[in-house]
Protein chains: 2
Amino acid sequence: MELKSLDPNIRTAVEQYKALEEKIAHLSMISSLVGWDQKVTAPKKGRDLFAKAIGTFRTEQFKLSVSEEMGSLLRLLSAPEVQADLDEITQAQLRERTAEYERFKKIPEDMYRDYVVLTSKANHAWEEARERSDFSLFQPYLEKIVDFNRKMAEIFGYDQHPYDALLHEFEPGLSVAVLDPLFAKLRESSVGLLERINRSGNKPSTAVFEQAFEVDQQKKFNHYFLPILGFDMNAGRLDETVHPFAQSMNTGDVRITTRYLQNNVRSAVFGTIHEAGHGIYEQNIDPRFEETVLSSGASFGIHESQSRFLENMIGRSESFWTYFYPKLQEHFPKQLEGVSQHDFYRAINSVQPTMIRVEADELTYNLHIMIRYEIEKALINGDIEVAELPAIWNEKMQEYLGITPANDTEGVLQDVHWSFGGFGYFPSYSLGNLYAAQLLNTILREKPDFYADIEAGRFEGIQEWLKDKIHRHGKLYTPEQLIRQVTGEDLKADYLVDYLEEKYSRIYGL
Amino acid sequence: MELKSLDPNIRTAVEQYKALEEKIAHLSMISSLVGWDQKVTAPKKGRDLFAKAIGTFRTEQFKLSVSEEMGSLLRLLSAPEVQADLDEITQAQLRERTAEYERFKKIPEDMYRDYVVLTSKANHAWEEARERSDFSLFQPYLEKIVDFNRKMAEIFGYDQHPYDALLHEFEPGLSVAVLDPLFAKLRESSVGLLERINRSGNKPSTAVFEQAFEVDQQKKFNHYFLPILGFDMNAGRLDETVHPFAQSMNTGDVRITTRYLQNNVRSAVFGTIHEAGHGIYEQNIDPRFEETVLSSGASFGIHESQSRFLENMIGRSESFWTYFYPKLQEHFPKQLEGVSQHDFYRAINSVQPTMIRVEADELTYNLHIMIRYEIEKALINGDIEVAELPAIWNEKMQEYLGITPANDTEGVLQDVHWSFGGFGYFPSYSLGNLYAAQLLNTILREKPDFYADIEAGRFEGIQEWLKDKIHRHGKLYTPEQLIRQVTGEDLKADYLVDYLEEKYSRIYGL
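Residues numbered from 1 in each chain as written. Chains lettered and ligands numbered in written order. Predicted model: local features only at pLDDT ≥ 70, side-chain atom pairs only at ≥ 80, totals over all residues. Heavy atoms only, no water.

1. Notes on the overall build of chain A
What counts, and what does not: Helix and strand definitions follow DSSP, with helices as H or I runs of at least four residues and strands as E runs of at least two, each counted in order from the N terminus. Radius of gyration: over C-alpha atoms. The globule rule applied is 2.2 Å multiplied by the number of residues raised to the 0.38 power. Burial classes follow relative accessibility: with a 1.4 Å probe on protein chains only, a residue under 20% of its type's maximum area counts as buried, one over 50% as exposed, and anything between as partly exposed. Any two residues whose heavy atoms approach within 4.5 Å at even a single point are treated as in contact. The Shrake-Rupley method, run with a 1.4 Å probe sphere, supplies the accessible areas, and residue values consider only the shown protein chains as cover. Think of it this way: Lys and Arg go in the positive column, Asp and Glu in the negative one, and His and the chain ends go nowhere. Charge coordinates come from a single atom per side chain, which is NZ of Lys, CZ of Arg, CG of Asp or CD of Glu.
In terms of helices and strands, chain A carries 22 helices and three strands. For chain A, the C-alpha radius of gyration of 23 Å lies close to 24 Å, the compact-globule estimate for 510 residues. A principal-axis box enclosing the C-alpha atoms of chain A has dimensions of 75 × 50 × 50 Å. A burial count over chain A gives 59% of its 510 residues as buried. The contacts of chain A with a sequence gap of at least 6 include a subset with a gap of at least 24, amounting to 73%. Accessible surface, chain A as shown: approximately 20900 Å² in total, 48% of it carbon and sulfur. Taken together, the 56 basic and 79 acidic charged side chains of chain A have centroids lying 3 Å from each other.

Below, the structure is given as structure tokens:
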């Protein structure tokens, strides 16, 4: 930025603001690392004390981001006559920081403190309730969490639907008015497609997966393909956790995890590919954004689009396995003997309604999200109450997926999100699928060799495209701007609907 | 503590002080973790940015510990009439914190911040210099570090020798005047003993170690014996690094590292036992001291005494291998076939001057320390300059050990300490040996079954004794108080001199 051309007072304010951003970025880097460590490497006995230490640390971070200094700098630099003189990057930083500042500033301090304690306890209660399959153990905590979120929706404010206020935290600019028709179209077509699949006489066999796959060999295979997909091992790690996740510290330190199940070789492979999608996004953000609020994904939905694109559009394509199946066979000669590549491809794309969201296939996955979305909207709106959740959950499972959970553990208690108060988070997953399909449509137009490249194990060109169009921009653009800029239009459900229709028609001979 | 009986103003001050201590402890826990991570797990490309983040973070920590609030609380609570009403633990906390406060208060803030960044970069430069065996790559960083330490010695102040000012950080109360005669006695007797050993006609054969020992089996053996010695694996980890170290986050999270060399099975075994000595110390500190400045070892020397005691007095004893040699043979049946337990014991205690300190035997180890001690004294005093180090190093190696390094990697570049500015640290190692021998003398009087327990693989009683006498007290007592309390006298060189004389006379038939 040409600081020199600015008014001296403004120039000083910009410098102070950037120093403050840098400090927040440094603390946030450390806080992310501690979070990663406690999930991946920390020994058991030290964790309680670390939970306290993290509490102390995050409070300091929070104070900085809502400090008087931050407030007055943001006020000064947000004035229209000042904005006009600032470059695009500084403007975007101020936009993101101001949104966070205003959000945080509105939360009464004692209410926030109570909420942090509540969600910490709720998480333990959820774990216990899930273990015992007893929703009533979690219910009182969830009632308070819902109550807090209802209040927050009012405090944050909204135009039409109170749920919009919560959605904004995960997908800035998104609203129920926009989501409802997108999701309705996707739900209807998915339910219809699922019915036709269920009636199909040409179902893939998944017998190949009913074997043990040695964990050591799984590890070798995952560590083999990960860098080929574009994940830089000098700027990241692959570790093991029960629940796979990606955590970025900075663009040179992005850590992902996976889980190896002897009886489910798909779990690690697709878990790793999925998290690699998140990881490569973070590794590819423009280094100029490092140490600023812009050095992360544009939104939860856009982030998820990158993991889904790599996992599904690439990792579950026939081209992908044209290249990798012979390598997989080298790792598991006994298990894969006599299984053709095409049969393997069909097997990994088998559609089978399941109780558990994280185990769902590409098609039924979105139906799991619809159920959560509809419940969250109604809860925040006050149309339903927490006590009704188990019954409503089971009804919707029957309605959309044709199966009913035998208990709360495989029903309403399966996800961690509500225990930390993440209302508005779930839609990101299906948004990610919608974005990913729209991006696939664009990349196929711009790079006609897309599948040929995948078949040849050449991912550089594809990753360059994703980097150029999405990754490098970090949070510079809003998700809406970004998708319009890359695909030439607003988000539409048609691309995902068509993609699923086409893919499964071929696999199931519909 | 009976806070109720205190004057209300004092009570409030004590509460504020303890809250501040807790906050500092939380930040310090996090800062230790980040340090561990950057050495053990962090991918390369993110480290420079983490160095900056750590700089920011430590500056915040530093500000807290020298804050106005801290200063006025310490002044208020240090008044003699207040002290009299405080319990022993609070008094000790105030003693330690005041010493640190006064030390830190003297360091200009910007100087400190620059130094943190400098040492972080210096560490990477040292690594590269060592890899390429090129001192000149490290020299400019080391010059700045020495310069800083010379300045600090003047700023901290001293009575007789500027090096005293730096020694205090590692061994409170210690001075060149005390160390010189202790070290002189040890050096003279060691050089004499070494000459007699060199002339001995009854040298142990070390041929057994000139074989490859599979790294996988080494890992298994190390992970097998570590918990038996008393290291709690639920409150710690064992990882791999080039330079083994121990890092405590809290008593429930103590992490140690070792290194596995295929051609040197001793390296990992004794490295692990050594770091376990440090680790068990930290795990056994009284939990009441958690989140206070007292929750760490009494001093670097006392800390080292615990690692040396476990590594040498226990791990290099014949009794130890009476129990563990059969287990080692199970791990390496081919390599150890036909090697008797007694021959193995003699082999691990073979005295052989070597270039590398961390690979040195129990006797010549102290001579490595003497070289570093003398160089550090002269550097800080301004008698020599950094550029002269490689030559001086090689001369002293020839004088004390009779060998000359072929290059800087096996000479002046071998240790990490100077890269983080740890001037005054090295003497702790020989101090540790001196303390350890004095403790051995006491434990043998108080627990006559000492060697019988080791022979039977029973370490609980020994660890209980060490916990009771040393570990649990953390920093409650000064090293001087502690050693007097446990052994009934001040530190003397005689115990180590006699121990070495007796041990090697037996092994070498002198």
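2. Points about the sheet that holds strand β3 (residues 253-258) of chain A
Two strands in a sheet stick together by hydrogen bonds in their backbones, pointing the same way (parallel) or opposite ways (antiparallel). Residue and element names in this part refer to chain A. Counted only if it meets this: Paired strands are those between which DSSP finds at least two bridges. Axis geometry follows a simple rule: fit a line to the C-alpha atoms, using only the stretch in contact for helices, then measure angles between N-to-C directions, giving values from 0 to 180 degrees.
Here three strands make up an open sheet; going across it, the order is β1-β3-β2 and the pairing mixed. The two strands at the open ends of the sheet, each matched to only one other strand, are β1 (236-240) and β2 (246-250). On average, adjacent strands in this sheet sit at an angle of 20° to one another, irrespective of strand direction. Two strands pair when backbone bridges link them, and β1 and β3 are joined in this way by five bridges, in the parallel orientation. Within β3, the position partnered with aspartate 239 by the bridge is threonine 257. Here helix α1 (residues 8-40) sits on the sheet in contact with β1, β2 and β3, set at roughly 145° to β2. Here helix α11 (residues 265-283) sits on the sheet in contact with β1, β2 and β3, set at roughly 165° to β3.

3. Quick notes on the domain arrangement of chain A
All names here are of chain A. Note the threshold: The split of the chain into domains comes from an automatic or database domain assignment. Accessible-area loss on putting two parts together, using a 1.4 Å probe and summing over both, is the definition of buried area adopted here. A carboxyl oxygen of Asp or Glu within 4 Å of a side-chain nitrogen of Lys or Arg is what we treat as a salt bridge. Here a polar contact means two N or O atoms within 3.5 Å. Within protein one must be a hydrogen donor candidate and the other an acceptor candidate, and residues neighboring in sequence count only if both atoms are side-chain atoms.
Entries for chain A in the domain assignment read domain 1 (3-154) and domain 2 (176-508). Domain 1 and domain 2 are separated by 27 Å when their C-alpha centres are compared. In this assembly, 36 residues from domain 1 lie in contact with 44 residues from domain 2. By the criterion of area lost to domain 2, the three top residues of domain 1 are Trp36, Phe135 and Arg150, representing 20% of everything that side buries. Viewed at the interface, domain 2 and domain 1 are joined by one salt bridge. One salt bridge in this structure joins glutamate 385 and arginine 150, with 3.3 Å as the shortest N-O distance. Our count for the domain 1 to domain 2 interface comes out at 15 residue pairs in polar contact (both at pLDDT 80 or more). Residue assignment for the side of domain 1 that touches domain 2 shows that the elements contributing at least two residues are α1, α5 (88-106), α6 (109-132) and α7 (135-156).

4. Topic: the environment of B:Leu238
Residues and elements named next belong to chain B. Examined against the element boundaries, leucine 238 turns out to sit in strand β1 (residues 236-240). For leucine 238, a relative accessible area of 9% gives the class buried. Separated by 164 residues in sequence, leucine 238 and glycine 402 place their C-alpha atoms 36 Å apart. Apart from residues no more than four positions distant in its own chain, leucine 238 is found in contact with Asn222, His223, Leu226, Met233, Ile256, Thr257, Thr258, Tyr260 and Thr272.

5. With respect to the pairing of strand β3 (residues 253-258) of chain B
All names here are of chain B. Counting buried residues along β3, six of its six residues qualify, which places the element largely inside the surrounding structure. Along β3, one buried face is formed by Asp253, Arg255 and Thr257 and the opposite face, lined by Val254, Ile256 and Thr258, is buried too. Pairing of strand β2 (residues 246-250) with β3, which is carried by four bridges, proceeds in the antiparallel orientation. Considered in β3, the bridge of glutamine 247 is made with arginine 255.

6. Describing the relation of the copies chain B and chain A
Going by this rule: Here the copies are matched by least squares. The fit uses the C-alpha atoms of residues with pLDDT of at least 70 in both.
Mapping chain B onto chain A is achieved by rotating through 176° and translating by 0.8 Å along the same axis, at an RMSD of 1.1 Å. Seen this way, the second copy is the image of the first under a two-fold rotation axis. Among all residues of chain B, the minimum C-alpha distance to the rotation axis is found for B:Ile30, at 4.0 Å. A symmetric contact is evident, with 97% of the interface residues of chain B recurring at the interface of chain A.

7. Quick look at the environment of A:Arg187
All names here are of chain A. Among the secondary structure elements, arginine 187 is positioned in helix α9 (residues 176-199). The spacing of arginine 187 and leucine 367 is 180 residues in sequence and 6.4 Å in space, taken between C-alpha atoms. In this view, arginine 187 contacts Leu367, Met370, Glu374 and Tyr400; residues no more than four positions away in its chain are not counted.

8. Overview of the interface of chain B and chain A
Of the residues lining the interface, 39 residues belong to chain B; the matching set on chain A comes to 38 residues. Buried area between chain B and chain A, both sides added, is near 3200 Å², and the carbon and sulfur share of it is 67%. Seen at the junction of chain B and chain A, the total is 10 salt bridges. Notably, a salt bridge pairs A:Glu291 with B:Lys52, separated by 3.0 Å at the nearest N-O pair. Remark: the boundary between chain B and chain A carries 20 residue pairs in polar contact (both at pLDDT 80 or more). Mapped onto the side of chain B that touches chain A, the elements with two or more residues apiece are α1 (8-40), α2 (47-65), β1, β2 and β3 of chain B.

9. Focus on the side chain of B:Gln38
Inspection of the secondary structure puts B:Gln38 in helix α1. Overall, the relative accessible area of 13% leaves B:Gln38 in the buried class. Excluding anything up to four places from it in sequence, B:Gln38 contacts A:Leu33, A:Asp253, A:Arg255, B:Arg47, B:Phe50 and B:Ile54.

10. Side note on helix α13 (residues 318-331) of chain A
All names here are of chain A. Spelled out, the test is: One fewer than the residue count of a helix, multiplied by 1.5 Å, yields its expected span.
End to end, α13 covers 19 Å across 14 residues, agreeing with the expected 20 Å (1.5 Å per residue, within 8%). Listed as buried for α13 are Ser319, Phe320, Trp321, Phe324, Tyr325, Leu328 and His331. Those residues of α13 hidden inside the fold are in contact with α10 (215-229), α11, α12 (300-314), α14 (333-336), α15 (341-348) and α19 (450-455).

11. Let's talk about the sheet that holds β1(B)
Residues and elements named next belong to chain B. Read across the open sheet, the three strands follow the order β1-β3-β2; overall the sheet is mixed. The open sheet has two free edges, formed respectively by β1 and β2, since each of these has just one partner strand. On average, adjacent strands in this sheet sit at an angle of 20° to one another, irrespective of strand direction. The strands that α1 touches are β1, β2 and β3; relative to β2, the one it contacts most, it runs at about 145°.

12. What about unusual backbone geometry?
All names here are of chain A. Although it is not a glycine, glutamate 291 sits at a positive phi angle of roughly 65°. Its location among the elements puts glutamate 291 in the loop between α11 and α12. For glutamate 291, a relative accessible area of 14% corresponds to the buried category.

13. Some words on the packing of aromatic side chains
Selection rule: Two rings from Phe, Tyr or Trp (for Trp, the six-membered ring) form a pair when their centres are within 6.5 Å of each other. A pair whose planes differ by under 30 degrees is stacked, one over 60 is edge-to-face, and the rest are tilted. Either the NZ atom of lysine or the CZ atom of arginine qualifies as a charge over a ring when it sits within 6 Å of the ring centre and within 35 degrees of the ring normal.
Summed over the entire model, instances satisfying the criterion amount to 68 aromatic pairs over all chains. Pairing A:Phe320 with A:Phe459 gives two aromatic rings, centres 6.2 Å apart and planes at 65°, and the pair type is edge-to-face. Remark: A:Phe459 occurs in the loop between α19 and α20 (460-469) and A:Phe320 occurs in helix α13; sequence separation between them is 139 residues. With centroids separated by 4.6 Å and ring planes inclined at 40°, the aromatic side chains of B:Phe320 and B:Phe324 adopt a geometry described as tilted. With B:Phe320 and B:Phe324 both in helix α13 (residues 318-331), this residue pair falls four residues apart, about one helical turn. The exposure class of B:Phe320 is buried, given its relative accessible area of 2%. Members of the aromatic cluster, connected to one another through ring pairs, are A:Phe209, A:Phe221, A:Tyr224, A:Phe225, A:Phe270, A:Phe320, A:Trp321, A:Tyr323, A:Phe324, A:Tyr325, A:Phe344 and A:Phe459. Looking at A:Lys39, its charged tip hangs above the ring of A:Phe245, at a distance of 4.3 Å from the centre. A cation over an aromatic ring shows up here: B:Arg255 above the ring of B:Trp36, its NZ or CZ 4.4 Å from the ring centre.

14. Describing the packing of α1(A) against helix α3 (residues 68-78) of chain A
Residue and element names in this part refer to chain A. Just so we agree on the cut-off: Angles below 35 degrees are treated as roughly parallel, those above 145 as roughly antiparallel, those between 65 and 115 as roughly perpendicular, and all remaining angles as oblique. Rotating anticlockwise by less than a right angle from the far helix to the near helix defines a left-handed crossing, while the corresponding clockwise rotation defines a right-handed one. Residue classes follow a fixed rule: Ala, Val, Leu, Ile, Met, Phe, Trp, Tyr, Cys and Pro count as nonpolar, while Asp, Glu, Lys and Arg count as charged, and any other residue, Gly among them, counts as polar.
Between α1 and α3, the shortest axis-to-axis distance is 10 Å and the interhelical angle comes to 135°. By the angle between their axes, α1 is oblique relative to α3. Every pair of crossing elements has a handedness; the one defined by α1 and α3 is left-handed. Taken together, the residues of α3 that come into contact with α1 (itself represented by Ile10, Ala13, Val14, Gln16, Tyr17, Leu20, Glu21 and Ile24) are Glu69, Met70, Leu73, Leu74, Leu76 and Leu77. Broken down by class, the residue content of the contact of α1 with α3 amounts to 11 nonpolar, one polar and two charged.

15. Regarding the packing of α12(A) against helix α18 (residues 427-446) of chain A
Residues and elements named next belong to chain A. One can describe the packing of α12 onto α18 by two numbers: an axis separation of 7 Å at closest approach and a directional angle of 60°. Judged by the sense of rotation from one axis to the other, the crossing of α12 with α18 is right-handed. Within the contact between the two elements, α12 uses Phe300, Gly301, Ile302, Glu304, Ser305, Gln306, Arg308, Phe309, Asn312 and Met313 and α18 uses Ser428, Tyr429, Leu431, Gly432, Asn433, Tyr435, Ala436, Ala437, Leu439, Leu440 and Ile443. When its residues are assigned to classes, the contact of α12 with α18 shows 12 nonpolar, seven polar and two charged.

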